[in-house]
Each structure stands twice: as C-alpha cells, then as structure tokens.
Amino acid sequence: MGSSQKQGLGWMEWLRGWFYVVYEMLFQRIMASHLQNPLPLPPLNDITCIITGSTSGIGLEMAKQLAESGAHVVMAVRNAKSAFELIQKWQNEWSGLGAPLNVEVMELDLLSLKSVVRFAEAWNARSGPLHVLINNAGIFSIGEPQRFSKDGYEEHMQVNHLAPALLSILLFPSLIKGSPSRIVNVNSIMHCVGFVDTEDMNVVLGKRKYASVVGYSSSKLAQVMFSSILHRRLPAEAGINVVCVSPGIVHTNVARDLPRIVQAAYQLIPYFIFTAQEGSRSALFAATDDQVPEYCAALKADEWPVCAYISHECRPMNASEEAHNIETSQKVWEKTLEMIGLPLDAVEKLLEGEQVQCRYGLDGE
Ligand SMILES: NC(=O)c1ccc[n+]([C@@H]2O[C@H](COP(=O)([O-])OP(=O)(O)OC[C@H]3O[C@@H](n4cnc5c(N)ncnc54)[C@H](OP(=O)(O)O)[C@@H]3O)[C@@H](O)[C@H]2O)c1
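Residues numbered from 1 in each chain as written. Predicted model: local features only at pLDDT ≥ 70, side-chain atom pairs only at ≥ 80, totals over all residues. Heavy atoms only, no water.

Some points on the nonpolar core
Soluble globular proteins: nonpolar side chains tend toward being buried together. Counting 71 residues, the largest nonpolar core has I50, L166, I169, L171, F172 and L342 as its most contacted members. Listed by contribution, the elements that provide at least two residues to this core are β2 (72-77), α5 (113-124), α6 (155-170), α7 (172-177), α8 (212-233), β6 (240-245), α13 (326-339) and α14 (346-351). Per element, the largest residue contribution to this core is nine residues, and it comes from α6. Ignoring anything within four residues of it in the chain, the contact list for L342 reads L166, I169, L170, L337, V356, Q357 and C358. Listed in part, the 46 residues of the second largest apolar core include V73, V77, W90 and A283. (Core = buried A, V, L, I, M, F, W, Y, C linked by side-chain atoms within 4.5 Å. Buried < 20%, exposed > 50% of the residue type's maximum accessible area, 1.4 Å probe, protein only. Helix = DSSP H or I, 4+ residues; strand = E, 2+ residues; numbered from the N terminus. Contact = heavy atoms within 4.5 Å.)

Re the sheet that holds β6
With parallel pairing, seven strands are arranged side by side in an open sheet as β3-β2-β1-β4-β5-β6-β7. At either end of the open sheet lies a strand with only one pairing partner, and these are β3 (103-107) and β7 (308-310). Averaged over all neighbouring strand pairs, the angle between strand axes comes to 20°, with direction disregarded. Inspection of the sheet shows strand β1 (residues 48-52) paired to strand β4 (residues 132-135) by three bridges, in the parallel sense. Within the sheet, the bridge partner assigned to C49 lies in β4 and is V132. Running over the sheet, α5 touches β1, β2 and β3 and is turned about 140° from β3. (Pairing = 2+ DSSP bridges. Axes fitted to C-alpha atoms, helices over the stretch in contact; angles between N-to-C directions.)

Printed below as a string of structure tokens:
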C-alpha cells in the first residue's frame, strides 16, 4: 500500500491515479498521433518568455523553438555556462533571415528562495512586459534519500512547487505589463497519485513514509492546487492566465537518477516514451495557442474548481479528483504563501500596484 493512499487518498482514487500514469505511458503516442512534431508555432516576434530550467530536456526544446519563432527568450537557469554554450550553438545553426535569435541568460537557483527574489527583482527592475512565464524546471530524485533545501524545505516541494509559486507571484508586475499573459506550469500526470498534507509539507512527521515518488507527486499536486486558487483569485480583467500541463512521459535527464537497469529499459522502449521535442508540445501549446485564454475564461465563468490543465496531446484534460478538493487547495494556497514568505493578500496588493515584501528578500533573510 502506498503512503499517499494510507494518508488521505482513497484506495480507488490511488489506483485510478496509477492507472492514468500507466495509461499515459502506454498510449501517449497513439493519443497524440494527430500532433505534428515539432509543434508548428505562430510568429512570436512580439512576445517575451521566461523559461526556467532551459538547459536540458523539455525546457531546452521550448527555448530553442520559441526563439526560432521570433520570441525574446530568457533562459532562467542555474548553470549559466551551459546556457551560453547552447545559445552559441543555436546561433551557429540558425539560418533565419539575417537577424540572430533573441535569447539571453539569467541565473536562477530554485533551491534558494533568495535567488528567486533576486531574479524577480532584477527582471521587474527592467520595467518591461512579460508575456509568458514557463515554470518548467523540476527534479525527480528517484530512489534518492530525502533532502532539504537551505531554506529548510523538502527539495521536490521547493523546486517543483514553492520556488515556482514565489517566482510567479513576484513577477506579477511584469506579467500585468505584458497582459494578456500566461503562467504555464510544466506539471505531471503523477499529480494523480499525489496527496498534500499541509500540516506536513516536508513529509517528516512519520504520518507518511518518505519516498521520492511521494515527494515528487505531492509537489506536482500542490502546484495544481495552488494554481487553481491563483486562477480563481485573479479577476478576468487582470488578463493573466494560469495553466498546468502534462508533457507526457519523456526521455530527458529527469531519469538521470534511475538505476542503470531501469535506464536501459528506458532506452529499449523508445516507441512508448516521447522525445524531448514531443514532450515540449503541450507546454508550447499552452504558451502560444489562441484557444488557451478562451479555455481559461470559460473555466472562470463556470467557477470550475481547477485551473486549466492541458494534456500531453494538447487537449484540455481533467486534473485528478483530489485536485478538485477546494478546501485542501485553499489550505495549500495559505500554507504555500506562509512558506514562501508572502502575505496572504500578496496577489491583490500586486494587482493594485502596491509593493509586497517577501521574507526572503535581500534585506529580510
Ligand atoms: N521527463 C518526463 O517524463 C516528465 C514527465 C512529467 C513531467 N515532467 C516535468 O517536466 C519538467 C522538465 O523536466 P525534464 O524532463 O525536461 O527534465 P530535465 O532534463 O532534468 O530538465 C530539468 C531542468 O530543470 C533544471 N533544474 C533542476 N533543478 C533546478 C534548480 N534548483 N534551479 C534551477 N533549475 C533547476 C535543470 O537544470 P540543470 O541542467 O542545471 O540540472 C534542467 O534544466 C519538470 O518539471 C518535470 O517534472 C517531466
């Protein structure tokens, strides 16, 4: 029996969650067979996108394709050297009409909330618009022992949920300037087997036994729940859309911690597993397609409890049953704001054009 099941998810819900994960793995290629690869993108010369974790896997693909479509791309990465090398390579390969790709690098380490604040302050200081924030960077430390960031949070929870949540809110002044704008969260079908206990976000109280799959799936569910409340609190006039996506099961560096034997199996089943280019399609769709704001608006009008969720086949999908639990989502919202050091009315204040102090601000730590 999994510990998520013991500590909150019902048996049926838990089994159903794993069914969705296995189903996605086995049938994603068939379900997504209508999609072209790479996903055709419209001209994007007027938009600026920040993409976290764009030195590898899905994020790398997105950065390259968005830049080749004309977007101003900001690679928000912890390894700047590797990002500069990639840009050099892309520029050399680029055969566009004379103009070089418009890509730049900014440092961001999601394991440090102070780094997130520093990034957001540097970006907002430019006073320019931000049209798309893609919270892509993530970790899945399969089989690794439990680890904590220097901010004191379980690492999956910090990198996959807390830091992106802080980044999204602190970038509001720029997202408002770029409105209509989008926050795209690269989530996972694994949220379906997640359970969030807001009394034990670090999974240390012994109510649940820690395993990397618990850390990962809880962080992804927490992201959907937080995004859903954010979506509900944002008035339509703000013009900021919040979308979660499932990229599919994708062959990237995220599997780097898998045992060698499992990695070998990964190589043997290329038919089932998406390439990074295929895995980038749902997030690129969420970031650029005209239907997405309409979908978000329809959910808002219906007072749907969950934010927009786009599947690996670039279609709206229903998030897990647990993600529909508004009471828990509200608790996740409040707990997250407490953990990232923001006041409960941070969003409303920022929408009013007021300043918001974060506990992890440069003077505050
Ligand atoms: N691959 C899949 O099957 C799959 C399925 C569902 C969801 N996803 C999600 O897709 C997203 C992208 O993952 P991927 O599969 O493309 O994996 P990946 O190849 O490992 O890429 C992850 C990226 O995140 C960056 N990153 C990790 N920790 C960071 C930190 N502390 N600060 C800043 N950046 C950090 C990595 O930077 P470095 O290069 O410096 O390590 C890398 O660029 C993740 O959110 C993942 O959960 C993946």
